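# Structure at a glance
Single-letter residue listing:
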Amino acid sequence: MRYRWDEGVITADGDEVARTGPGFGGLRPAFRMGEGEWAFRVDTEGLIGALDGRDRLGVERGRIWQSTWRMAGLRGPLELTRTTSWLLGRLYFDLARGGERIAEVVPEGPWQYRPALEVSGELPLEEAVFVLWAAARIDARRPAHVVRPSLPGGSSGGGVTVG
């Protein structure tokens, strides 16, 4: 399954699964998904996803040079690991549950970083959408985060507890 965000819509293999609005990449997006209202936010503890006002998902705050972030998911803990250079190129991530890789975040778009999520294991829709947002927020903190075209020969390329 491939999840993408494009201009306010999350798709799964091309089918719309959530309508997020244009502010999805921001600090506090809120939108309807499934049976409830979701709100994501950047907090002192990390990145938080709340369903109907109750914190349900989280990624630890981490440090700028960190390569692995612990994530509290709906079905238990996950790990989001950066698999490319922090300073150079676009960011790729692996998502693992219990040491087994279940998804990969890959960049898309020539003018700005837009993560896409390739899921090879079991991952609920809500976690998939949260990982897309978290990857975009982690990328936004990089020192080399700039908007630039992809040119031929150019480079492209504390824990959270929720309950």
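Structure: above.
Residues numbered from 1 in each chain as written. Predicted model: local features only at pLDDT ≥ 70, side-chain atom pairs only at ≥ 80, totals over all residues. Heavy atoms only, no water.

### Some details on the side chain of Thr20
Mapped onto the elements of the fold, Thr20 is located in the loop between strand 3 (15–19) and strand 4 (30–33). A polar contact of 2.9 Å, which involves the side chain of Thr20, links it to the side chain of Trp5. Contact partners of Thr20, with chain neighbours within four places excluded, come to Trp5, Gly8, Val9, Ile10, Ala30 and Phe31. (Helix = DSSP H or I, 4+ residues; strand = E, 2+ residues; numbered from the N terminus. Polar contact = N/O pair within 3.5 Å; in protein donor to acceptor, adjacent residues only side chain to side chain. Contact = heavy atoms within 4.5 Å.)

### With respect to unusual backbone geometry
At Asp13, a position not held by glycine, the phi torsion is positive, near 50°. If you trace the backbone, Asp13 turns up in the loop between strand 2 (9–12) and strand 3. Of note, the phi angle at Asp52 is positive, near 50°, even though the residue is not glycine. Tracing the backbone through its elements, the reader meets Asp52 in the loop between strand 6 (46–51) and strand 7 (54–60).

### Re the environment of Ala12
Positionally, Ala12 belongs in strand 2. By relative accessible area, which is 8% here, Ala12 ends up buried. When the C-alpha positions of Ala12 and Val119 are compared, they lie 10.0 Å apart, and in sequence the two are 107 residues distant. Excluding residues within four positions of it along the chain, Ala12 makes contact with Met1, Arg2, Tyr3 and Val17. (Buried < 20%, exposed > 50% of the residue type's maximum accessible area, 1.4 Å probe, protein only.)

### Section: the pattern of salt bridges
If charged atoms from side chains of opposite charge come close, those side chains can pair. Under the defined criterion, the tally for this structure stands at eleven salt bridges. One salt bridge connects Arg70 with Glu60, and the closest N-O pair in it is separated by 3.1 Å. In this pair, Arg70 sits in strand 8 (residues 68–73) while Glu60 sits in strand 7, placing the two residues ten residues apart along the sequence. One salt bridge connects Arg97 with Glu127, and the closest N-O pair in it is separated by 2.8 Å. Taken together, the positions of Arg97 in strand 10 (residues 93–97) and Glu127 in helix 1 (residues 125–140) put the pair 30 residues apart, joining distant regions of the chain. (Salt bridge = Lys/Arg side-chain N within 4 Å of Asp/Glu carboxyl O.)

### Quick notes on the nonpolar core
Counting 35 residues, the largest nonpolar core has Phe24, Leu95 and Leu117 as its most contacted members. A total of nine residues in this core trace back to one element, the largest contributor, which is helix 1. (Core = buried A, V, L, I, M, F, W, Y, C linked by side-chain atoms within 4.5 Å.)

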